Every structure is written in C-alpha cells, then in structure tokens.
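For reference, the chains in residue letters:
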Amino acid sequence: MAVLRPLIFDRRKKKLVENLVAPMLFLGPRNCLQTEANTNNIKTLCKQGRLREAIRLLDHPLYLSSSSYVDVLQICVEKKSLPEGKLIHAHLNQTGFISDRLLQHTLVNMYSKCRRLMDARRVFDEIPNRMVTSWTVMIAAYTKQGIPEEALALFHQMQFRGFEPDKYTFSSVLPACTKLEALEEGMKIHEGIVRGGFLSEIVVGNALVDMYAKCGSLENACDVFEKMRKRDVVSWTTMITGYAQHGWGEEALKLFQKMKTAGVKPNLKTFASILPVCANLAALEQGVEIHEEIIESGLQCDVFVESSLVDMYAKCGNIEKALNIFGKMQKRDAVSWTVIIGGCAKNGMEEESLRLFLQMKLARIKPIAKTFTNVLPACAYLASLEQGMQIHKETIRTGFEPDVFVANALIDMYAKCGIITKAQDVFDKIPQRNVSSWTAMIAGYGMHGFGKEALQLFEQMQRSGIKPDSVSLLCVLTACCHDGLVDEGHRYFNLMNDSYHITPAMEHYSCMVDLFGRSGRLDEAQDFICKMQLEPNATVWRCLLSACRKHNNIELGEFAANHLFELEPKNAAPYVLLSNMYAVAGRRRDNEKVRRMMKDRGVKKTPGCSWIEVDKRVHTFLVSDTSHPQAKEIYAQLEILTREMKSAGYVPDTSFVLHDAEEQKE
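The rules behind these values
Residues numbered from 1 in each chain as written. Predicted model: local features only at pLDDT ≥ 70, side-chain atom pairs only at ≥ 80, totals over all residues. Heavy atoms only, no water. Helix = DSSP H or I, 4+ residues; strand = E, 2+ residues; numbered from the N terminus. Buried < 20%, exposed > 50% of the residue type's maximum accessible area, 1.4 Å probe, protein only. Contact = heavy atoms within 4.5 Å. Areas by Shrake-Rupley, 256 points an atom, 1.4 Å probe, with all protein chains shown as cover. Core = buried A, V, L, I, M, F, W, Y, C linked by side-chain atoms within 4.5 Å. Salt bridge = Lys/Arg side-chain N within 4 Å of Asp/Glu carboxyl O. Polar contact = N/O pair within 3.5 Å; in protein donor to acceptor, adjacent residues only side chain to side chain. Axes fitted to C-alpha atoms, helices over the stretch in contact; angles between N-to-C directions. Parallel < 35°, antiparallel > 145°, perpendicular 65-115°, else oblique. Left-handed = near helix turned anticlockwise from the far one by under 90°. Nonpolar A, V, L, I, M, F, W, Y, C, P; charged D, E, K, R; others polar. Patch = residues over 30% accessible without salt bridge, like charges linked within 9 Å, V, L, I, M, F, W, Y side chains within 5 Å. pLDDT = per-residue confidence, 0-100. Expected span 1.5 Å × (residues − 1). Arc of directions from axis to C-beta. Lys, Arg positive; Asp, Glu negative; His and termini not counted. Charge placed at Lys NZ, Arg CZ, Asp CG, Glu CD. Phe/Tyr/Trp six-rings, centres within 6.5 Å; stacked < 30°, edge-to-face > 60°. Lys NZ or Arg CZ within 6 Å of the ring centre and 35° of its normal. Disulfide = S-S within 2.5 Å.

From N to C terminus, the protein chain includes 37 helices and 4 strands. Relative to its 666 residues, the protein chain shows a buried fraction of 46%. The long-range fraction of contacts in the protein chain, counting pairs at least 24 apart against all pairs at least 6 apart in sequence, stands at 62%. Just so you have it, the protein chain exposes about 35,200 Å², and 52% of that area is on carbon and sulfur atoms.

Below, the structure written as structure tokens:
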C-alpha cells in the first residue's frame, strides 16, 4: 500500500491553495479503505484523461497517497497542462509530500515537458537524493530545448557525483553532441557505452548512428549500424537519412530495399527521408514505387509526405503529376505551396509559378524564406521586374529581406531584369554575405558588361575571407568573356588549379573557348580545345561554331559543326549556323546540302519566342504568332516601327534565320 501522510497546513500560504484544497480532517486508520478507493478513482480518471475531475478528488477530506499525485502529474505531463501542474506543486508543498523522491522526479519531468526549464532545474536542485532518472530527465530537457552545452555539463556532473548513466541517459546526451557537432565528445561517450554494456540497446545504437552521421563520420555510423544485433524502423530510417544527408543517394535507396527485405515496415519518417533521395537523383521509377507503398501504408494524406511527393515528381520532371497531387491535397501548408512554386519555376512554367504564389497569398498562407527563393527565379527568367519588385516588398513586410538566401535571389532577379544598381543596393544591405552573395553580384556585373567591376568585386571577396568556389570562378570567366578581357580570363583559369585547387569543369572550358572565340583568337580557341583534360562536349563546339560564324571562318566552322552533328543530330542550331555561313559566302550548293540534311534527319528549327510584361501580366509571342487578342494592333504598330528603323539606317542581323543567300539579301 502507498505511504499515507496527513495534510500539513502552513497558515501563511493558505490563500495560495484555498481554491484547490478544501478543509481537511485528520481521520484515523479506519478510513484507509476509503482512501484506497479514492486513489483508485483518481487513477481511473487519469486513465480517461479527465484531469480537472481528478484534481478535484484531491480535495477529499481523507488521507492522501503519493501515488495519487504521481498519476495526476503524469496527466499534466501528457497534456502539457502547466497551470494545473503548478497548482499540484503548491498542493504538494502544503501536504508534505514534496519530499517524496518519485514526486520530485515527476515534477522535474512535468516542468521540462511544459518547457519551463528554470522551474524544472529549481526542483531538480532541491532534490537531496537524486535518482538516475531525474538526471536523465533534466539532461533530455536541456537537449530538446536547444541548450546542449548545459546537457553535456550536467552529464559530466552526474558522473562526477558517482551516478552511473543508464541507456536512457546515453540516448539523451548523445543528441546534445549531435547539435554541437561535438564528434570527439560523442566518441568518448561511445567508449562509456561500451564499458557499461549498453551497446546492444536499440535506443542507444540509434542515437550513436544519428550522432556519427550528423557529425560527419558516416563510416562510424555505418560501423555502429552494421554491429547492431537488433534494429527497429528508427535504426533503418536513421541510417537512410545519414546516407541521404551526405549525398549517398544510391546507398540510401539500396538500404531502403534491404530494410523492406528484412521485414521492417517503413514509417512516416522513412518515407520523408527517402523521397528527397529520389528527387535529387531524378529516380522517377523508384519514386513511383515508393508512392505506391505510401498509399498501401495509408500515409498518403499526411501533408509532409504529400509535399515530399510533389517535390519528387517536380524534380523528376513530371510536373503534371506534381500539380495533380498538389491539387488534391486537403490541407496545404507553406512548405506545400513553396515546393509546387519552385517545381513550376524549374520546369519551364514560370508564369504558373507566379500565379501559384499569388494564390498562396490569397489563401492567407504566410510565405517562408524558401518561398521567395523559389519564386524570384521565375521573375528573373521572365524579366518580370514589376512582379519582382512586388515580391521584394513582400520580403520586407514579412521580415525575410535580411535572409542571405532571399537576398541572393533578389540580386539575381534585379540583375537579370536589367537593374544592376538595385542589385547592388540589396548586396550592400546583406548583414553576412556568403560565397553565393558575392557570386550573384559578380554574375550581375558580368552580364551587364562591367567586367572590370566584376573582377574588382572578386578580389574584394577574397580579401574579406571568402574562398571562391567553382561557380564564382565560372562567373568571373563569363564576366571576362562579356567584356573582352581575354588575358585576365586566361590568368584566372590557370589559377583555378594552381591557387584555388579547383579542377576546371566542362563549363569553365566552354567559357574559355567562348572567350577566345569572341575576341577573334580562333586558333587559340582550337588549340585550347585540343589540350583539354576532358572530352569536349556539345557546348564547347557550339561556342567555337558561333565564333566561326561571327568571324567568317568557314573551314573551322565546318570542323566544329561536324562534331555537333554527331553529338546532337536533332539540334537545329548548328545546321542553321553553317547553312547561313555558306549563304553569306555565296556557296549555294553547300547551303542546300545542309538544308537537305536537315530535312532527311527530320530536324526542325524551334520557333523564336519573346515576351513582355504589361500591368503585371506577361505576354508571350512566337514567330508569326497571331493568337494574341490584340494581334492586329500589335502588327500594325510593328510595321510602323520597322519603317522607322529602316529610315534610321538599321540593318537587322538575320544570321540565325534559315534562309538562302537571295532571301538574306532581300
């Protein structure tokens, strides 16, 4: 039977609990059976979740047992009912039960689960004879509420006081190492786990795998996982997540298959971890299979899983399926909207992306930072300055303008919309710039022909302590290309390996060929291609062919075009360029030969496309397009402009149009 104690009243604190505690009588042992019945009633009410009714039974004028308080406090923990918990704490101070170790531990747990760490620590510090459980609860509270330093300090204090951690203590302190990325500390705790014989405990093994994976030691995580005698769904999911976070997507998919072979059923977190892997690998087939498994598991209506499915289908190029799933979602949060907005923007549906962003606002869903970084590229692609500026205002209103990723997207948008000064303003206001911030600004200067300013900014970036990456160096080379800074570009290319220890990728080689070609140094461009460490791809040959067309070098142009015919036999661009080079040179037979080749191979030139934004609406036009409702008025105005251009002496460049020599002269 539980220990029975009489109520002890402190007259000075009577008012504090007078609403909770009714006047109580000191009754004899003959009422023990009634007290036991009262305790059982409290237990029953607690099991039913009827907290307030259970608390009212504490007012019964009988002897009370400590187990009654434990039951009621446990319900406070489950419901996170802080006001009721504090009342019971006050009640315990009045009754004398506060000295009970189990109740003290339960109070620490109640306050920690209600996110009142100071109150929890105050109770913890007042416990004279602590239990291992009390230390564990306090350590777990510090870890979960983002104070891992205190969790580790308390863990060391616990050991110093002679307490031996149990499996729950270890599984509570390891996440603190994870949050601090304290690998060395985690390894020391691992040694303690081995000494204590807790390595076979699943909960400890899972915490170790998670700690090693998130601290960057995937090899140790794999070692712990492989040595685990028993594994649950958390074990498998943790390891899959570790592989995914380290970019080992193929390994993650293999482990997912092994998990199912082992008879372990994936849960919500497993699907949430494996779907982004399919998205990043563009593994549509595996993604579809996992989608079917999700439906079989009955988890398809979870908003997080649905958002992951939308993201997976969008990144795998099946934007129609992504839109279909999004359209059927019963509940959409900011992540759902953000994913579909980004998916449309990346799949060539920029106008739809902007439309969805507007719908999100109408639905009164507050954007997150990622929403802006997903929608701003759509504005940049469409050169939709007005809408981009409206979204910029939205970032200010929602407090996201200082976010470095949002700011980077704004710089890119303003630069691509032609307002480089506005891009510079955003850049200047960034509190802490990362390499992408500098790269976006360098790219902006480069595309506007300010090559020297771009190089100055690149040097300034290095002086600020930011190390360049392959993307920033590509933007430097592009800036040199647009401004004709051949020698400077060549120097930075040579520095990639020598000073920056970055191996040039195909994009860097292509940029160098373009740099030599634009300046007319075609022999150097050809020599550069011959000395490339990589096999030249279509982009490299396109750059050379464009340069040959510009500088009328038919022989080298034929050499580049023949490589392109092999690499991209269905791409019309090299056929058009070479055909027009022949036409300009008066080589009619060669011109007709190329055109026949196009016809025989079924190659068709993609119609040209242009667009303009008027009153927040983007209007798109194809060649000879008459589908616009104001087509007559547009063509009438175009005819007037054409006459004015001719009278001003303007001669159009028709080198990219597939015409014969006579048609070009006309």
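Back to the write-up after that little detour.
Below, the discussion takes up the nonpolar core. Ranked by internal contacts, the top residues of the largest apolar core, which has 176 residues, are Ile 189, Met 239, Ile 340 and Leu 544. Top contributing element to this core by residue count: helix H24 (residues 404-416), with 9 residues. Those residues in contact with Ile 189, other than ones at most four positions away along the chain, are Leu 152, Phe 155, Phe 170, Val 173, Leu 174 and Cys 177.

Moving on: the pattern of salt bridges. All told, the structure shown has 24 salt bridges when counted by the stated rule. Between Glu 150 and Arg 121 there is a salt bridge, with the nearest N and O atoms lying 4.0 Å from each other. One end of the pair, Glu 150, is in helix H9 (residues 148-160); the other, Arg 121, is in helix H7 (residues 117-126), with 29 residues separating them in the sequence. By relative accessible area, which is 18% here, Arg 121 ends up buried.

Another point: the side chain of Asn 374. With respect to the helices and strands, Asn 374 occurs in helix H22 (residues 369-382). A residue is classified by how much of its surface remains accessible, and Asn 374, at 8% relative accessible area, is buried. Here Thr 338 takes part through its backbone oxygen, which lies 2.8 Å from a polar atom of the side chain of Asn 374.

On to the packing of helix H6 (residues 101-113) against H7, then. The description of two packed helices rests on the angle between their axes and on the distance between the axes. In the contact formed by H6 and H7, the axes pass within 7 Å of each other and the chain directions differ by 165°. The angle between H6 and H7 falls in the class roughly antiparallel. Judged by the twist between their axes, the crossing of H6 over H7 is left-handed. Residues Gln 104, Leu 107, Val 108, Tyr 111 and Ser 112 of H6 form the contact with H7, whose own contacting residues are Asp 119, Ala 120, Val 123 and Phe 124. Residues belonging to the contact of H6 with H7 are distributed by class as follows: 6 nonpolar, 2 polar and 1 charged.

Okay, the packing of H24 against helix H26 (residues 435-447) next. Interaxial distance between H24 and H26 falls to 9 Å at its minimum, and their mutual angle equals 5°. In this view, H24 runs roughly parallel relative to H26, as classed from their interaxial angle. Contact with H24, carried on its side by Val 404, Asn 408, Ile 411, Ala 415 and Lys 416, involves Ser 436, Ser 437, Ala 440, Met 441, Gly 444 and Met 447 of H26 and no other residues of that element.

With that out of the way, let us pick up a nonpolar patch on the surface. A surface patch of nonpolar side chains, about 460 Å² in accessible area, is lined by Tyr 635, Leu 638, Leu 641, Met 645 and Tyr 650. The residue Leu 641 is located in helix H36 (residues 631-647) in this model. Its relative accessible area of 40% is what places Leu 641 among the partly exposed residues.

Turning our attention to the confidence of the model for the protein chain. The pLDDT averaged across the protein chain works out to 85; a share of 83% of its residues lies at or above 70. Predicted confidence in the protein chain is weakest over strand E1 (residues 4-5), with a mean pLDDT of 38, and strongest over H24, with 97. For the stretch residues 1-35, pLDDT sits under 50, and the model shows 60 contacts to residues farther than four places along the chain or on other chains. Below pLDDT 50 for its whole length, residues 660-666 participates in 12 contacts with residues either more than four positions away or in separate chains.

Right, let's get into helix H28 (residues 470-483). Compared with an ideal rise of 1.5 Å per residue, which puts 14 residues at 20 Å, H28 spans 20 Å between its outermost C-alpha atoms and is within 8% of the ideal. Where H28 is buried, its residues contact H26, helix H27 (451-463), helix H29 (486-498) and helix H30 (506-518). Among the residues of H28, the N-terminal cap falls to Asp 469, whose side-chain oxygen and the backbone nitrogen of Val 471 are separated by 3.2 Å. Looking at the residues trailing H28, positive phi occurs at Gly 484, about 70°.

Now for helix H17 (residues 284-297). Here H17 is 14 residues long and its end C-alpha atoms lie 20 Å apart, about the 20 Å a rise of 1.5 Å per residue gives. Burial in H17 covers these residues: Gly 287, Ile 290, His 291, Glu 293 and Ile 294. The buried residues of H17 occupy one face: seen down the axis, they fall within an arc of 165°. In H17, the exposed positions that point more than 90 degrees away from the buried face belong to Glu 285 and Glu 296. Packing partners of the buried residues in H17 comprise helix H15 (249-261), helix H16 (268-281), helix H18 (303-315) and helix H19 (319-328). Where H17 ends, the next residue or the one after it, Gly 298, has phi of about 75°, a positive value.

Next up on the list: unusual backbone geometry. Here Arg 115, not a glycine, exhibits a phi torsion of approximately 60°, which is positive. With respect to the helices, strands and loops of the structure, Arg 115 is situated in the loop between H6 and H7. Of note, Asn 552 is a non-glycine position whose phi angle comes to about 55°, a positive value. By the secondary structure assignment, Asn 552 is in the loop between helix H32 (538-550) and helix H33 (554-567). Residue Asn 552 is classed as exposed on the basis of its relative accessible area, which comes to 59%.

Next up on the list: a negative patch on the surface. Among the surface-exposed residues, Glu 285, Glu 289, Glu 292 and Glu 296 lie close enough to one another that they form a single negatively charged patch. Its place among the elements puts Glu 292 in helix H17. By relative accessible area, which is 46% here, Glu 292 ends up partly exposed.

What follows is about the packing of aromatic side chains. Summed over the entire model, instances satisfying the criterion amount to 20 aromatic pairs. With centroids separated by 5.3 Å and ring planes inclined at 70°, the aromatic side chains of Phe 493 and Phe 528 adopt a geometry described as edge-to-face. Here the residue Phe 493 occupies a position in helix H29, and Phe 528 occupies one in helix H31 (residues 522-530), the gap between them amounting to 35 residues. On the basis of relative accessibility, which here comes to 10%, the residue Phe 493 falls in the buried class. Judged by relative accessible area, Phe 528 falls into the buried class, the value being 12%. Pairwise contacts between aromatic rings join Phe 493, Tyr 509, Phe 516 and Phe 528 into one cluster. The ring of Phe 326 is capped by Arg 332, whose NZ or CZ atom sits 4.3 Å from the centre of that ring.

For the rest of this paragraph, the subject is the state of the cysteines. Per the stated rule, a full pass over the model turns up 0 disulfides. The thiol of Cys 543 is unpaired, and the distance to the nearest cysteine sulfur, on Cys 481, comes to 7.6 Å. A relative accessible area of 14% places Cys 543 in the buried class.

As a further point, take the environment of Cys 543. With respect to the helices and strands, Cys 543 occurs in helix H32. Along the primary structure Cys 543 and Asp 514 are separated by 29 residues, whereas in three dimensions their C-alpha atoms are 5.2 Å apart. The residues contacting Cys 543, other than those within four sequence positions of it, are Ser 510, Val 513 and Asp 514.

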